[in-house]
Amino acid sequence: MLSVVLPTRNEREGLEILVCALLAILEQATGGEFELLVVDDSDDGSDVHLAERLSRFPGRVRFVHREASTGLASAIGDGIRLARRRYVLAMDADFNHSPLELPPMLADMAAHDLLAGSRFLPGGGMPGHRFRQAGSRLFNAFVRRALAVSTTDNLAGFWIMERQRVLAIADRWPLFHGYGDYYIRLLLAAHWLGLRIRERPVRYLNRLTGESKTRFAKELLRYTRTVLELRRNAPALRSRLLSRPEVGGG
Ligand SMILES: Nc1nc2c(ncn2[C@@H]2O[C@H](COP(=O)(O)OP(=O)(O)OP(=O)(O)O)[C@@H](O)[C@H]2O)c(=O)[nH]1
Ligand SMILES: [Mg+2]
């Protein structure tokens, strides 16, 4: 049923706790039909420790360490390619994305082509960080206008889709490069393809332990460049994507 892709970089303390929470929650929510796929780019030695700790869950948790890190988006892409279940769910591994959101998301997934968490729908939210909240809201308004999409949260990166469908899109249009901007490309592709996108509110939690890898202002600049480039190249990208009907919605 479900493969959960967890990209990690130097998450020594929190990851094992997250894995245990996910194992308990998903056992119930999926009737045991799931796997967790950790795609790790750590350079602090935590990979050796985590590989050993997570080997206690054979058949449930796969830990893949990449020697040469090519960044967050490519880790998610690799995880999706390695996944074995019908649906893939991508989430951060630092508790920003709460494991408690998974059961309601799973209950909704079969009725939609892309199920996406949003902090900006009633009932959603994120703790603290007033500057970040305001920045994210403003940026989302910009994305909606620049790319003519309706999604309220184009940065969340907390989503579920059929694995084959994501791979078919990525095959046509490389999505998985950069950082969180891969998600803007994925949502835009889904819009262009007319997929049934469903946003549902999610509440972020504070990162449990460890350090953020995001320089928010710097990433926002990168995301802005991505959006402007997508807008500029939209006709060519769109026709490339739509030239293959089998990736479309249904
Ligand atoms: N595999 C891999 N994972 C990464 C990389 N960079 C970040 N991550 C993971 O991606 C997730 C999101 O990274 P964060 O540093 O929490 O970024 P963020 O959630 O945007 O920032 P904060 O809100 O400050 O936590 C976490 O699970 C990280 O461990 C990377 O280069 N490779
Ligand atoms: Mg985080």
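Residues numbered from 1 in each chain as written. Chains lettered and ligands numbered in written order. Predicted model: local features only at pLDDT ≥ 70, side-chain atom pairs only at ≥ 80, totals over all residues.

### Comments concerning the overall build of the protein chain
Next up, step 1: Secondary structure assignment for the protein chain yields eight helices and seven strands.
Next up, step 2: Its C-alpha atoms give the protein chain a radius of gyration of 17 Å, near enough to 18 Å, the size a compact globule of 250 residues would have.
Next up, step 3: For the protein chain, the residues scored as buried account for 40% of the 250 residues in total. (Helix = DSSP H or I, 4+ residues; strand = E, 2+ residues; numbered from the N terminus. Rg over C-alpha atoms; globule rule 2.2 N^0.38 Å. Buried ≥ 20, exposed ≤ 12 C-beta atoms within 10 Å, placed from the backbone.)

### Observations concerning the site of ligand 1
Next up, step 1: In the vicinity of ligand 1, 19 residues are found, and the nearest of them are Pro-7, Asp-41, Ala-75, Ser-212 and Lys-213.
Next up, step 2: Counting residues per element, the ones that place at least two in the shell around ligand 1 are β1 (2-8), β2 (34-40) and α3 (72-82).
Next up, step 3: Of the residues assigned to the shell around ligand 1, the class counts are five nonpolar, six polar and eight charged. (Near = placed C-beta within 6 Å. Nonpolar A, V, L, I, M, F, W, Y, C, P; charged D, E, K, R; others polar.)

### Structural notes on the sheet that holds strand β6 (residues 159-162)
Next up, step 1: One open sheet accounts for seven strands, arranged β3-β2-β1-β4-β6-β5-β7; its pairing is mixed. The open sheet has two edge strands with one neighbour each: β3 (61-65) and β7 (197-201). Each strand axis lies, on average, 20° off the axis of its neighbour in the sheet, ignoring direction.
Next up, step 2: For β1 and strand β4 (residues 87-90), the ladder comprises four bridges, and the chain directions are parallel. Each bridged residue has a counterpart across the sheet, and for Leu-2 the counterpart in β4 is Tyr-87.
Next up, step 3: Across the sheet, α3 is in contact with β1, β2, β3 and β4; its angle to β1 comes to roughly 150°.
Next up, step 4: Set on the sheet, helix α6 (residues 163-172) makes contact with β1, β4 and β6; between it and β6 the angle comes to about 85°. (Pairing = 2+ DSSP bridges. Axes fitted to C-alpha atoms, helices over the stretch in contact; angles between N-to-C directions. Contact = placed C-beta atoms within 7 Å.)

### Re the nonpolar core
Next up, step 1: Counting residues in each nonpolar core, the largest one holds 65 residues, and the members touching the most others are Val-4, Val-5, Ile-76, Val-88 and Leu-89.
Next up, step 2: Element by element, the count of residues in this core is highest for helix α7 (residues 181-192), at nine residues.
Next up, step 3: Excluding residues that lie within four positions of it along the chain, Val-88 makes contacts with Ser-3, Val-5, Ile-80, Ala-83, Met-161, Arg-163 and Val-166. (Core = buried A, V, L, I, M, F, W, Y, C linked by C-beta atoms within 7 Å.)

### Regarding the packing of α3 against α6
Next up, step 1: Direction vectors running N to C along α3 and α6 enclose 125°, while the axes themselves pass 10 Å from each other. Classified by the interaxial angle, the pair formed by α3 and α6 is oblique. Considering how the two elements wind past one another, α3 and α6 form a crossing that is left-handed. Contact residues: Gly-77, Ile-80 and Arg-81 in α3; Arg-163, Val-166, Leu-167 and Ala-170 in α6.
Next up, step 2: Of the residues assigned to the contact of α3 with α6, the class counts are four nonpolar, one polar and two charged. (Parallel < 35°, antiparallel > 145°, perpendicular 65-115°, else oblique. Left-handed = near helix turned anticlockwise from the far one by under 90°.)

### Quick word on α7
Next up, step 1: In a regular helix each residue adds 1.5 Å, so twelve residues correspond to 16 Å; α7 covers 17 Å between its end C-alpha atoms and thus fits that length.
Next up, step 2: Most of α7 sits out of view: eleven of its twelve residues are buried.
Next up, step 3: For α7, the secondary structure elements touched by its buried residues are α3, β5 (114-118), α5 (130-147), α6, β7 and α8 (216-242).
Next up, step 4: Gly-194 sits one or two residues past α7 and shows a positive phi near 70°. (Expected span 1.5 Å × (residues − 1).)

### Considerations on the pairing of β1
Next up, step 1: Most of β1 is tucked away: seven of the seven residues are buried.
Next up, step 2: Of the two faces of β1, the one carrying Leu-2, Val-4, Leu-6 and Thr-8 and the one carrying Ser-3, Val-5 and Pro-7 are both buried.
Next up, step 3: When β1 meets β2, the two strands line up parallel, connected through seven bridges. When the bridges of β2 are listed, Pro-7 appears paired with Val-39.
Next up, step 4: Considered for its hand, the β-α-β crossover made up of β1, helix α1 (residues 15-30) and β2 is right-handed. (Right-handed = clockwise from strand over helix to strand, strands pointing away.)

### Examining the environment of Leu-193
Next up, step 1: Following the sequence through the fold, Leu-193 ends up in the loop between α7 and β7.
Next up, step 2: Here the alpha-carbon distance between Leu-193 and Arg-238, two residues 45 residues apart in the chain, equals 8.8 Å.

### Quick word on unusual backbone geometry
Next up, step 1: A positive phi angle, close to 80°, is found at Phe-95, a residue other than glycine.
Next up, step 2: Mapped onto the secondary structure, Phe-95 falls in the loop between β4 and α4 (102-109).
Next up, step 3: Residue Phe-95 is classed as buried on the basis of its C-beta count, with 21 C-beta atoms lying within 10 Å.
Next up, step 4: Positive phi, close to 55°, is recorded for Ala-148, a residue that is not glycine.

### Some remarks on the pairing of β6
Next up, step 1: Pairing analysis gives four bridges linking β4 to β6, with the strands arranged antiparallel. Counted as the bridge partner of Tyr-87 is Glu-162 from β6.
Next up, step 2: Relative to β6, β5 runs antiparallel, the two being bridged by three bridges. Paired with Leu-114 across the strands is Met-161, a residue of β6.

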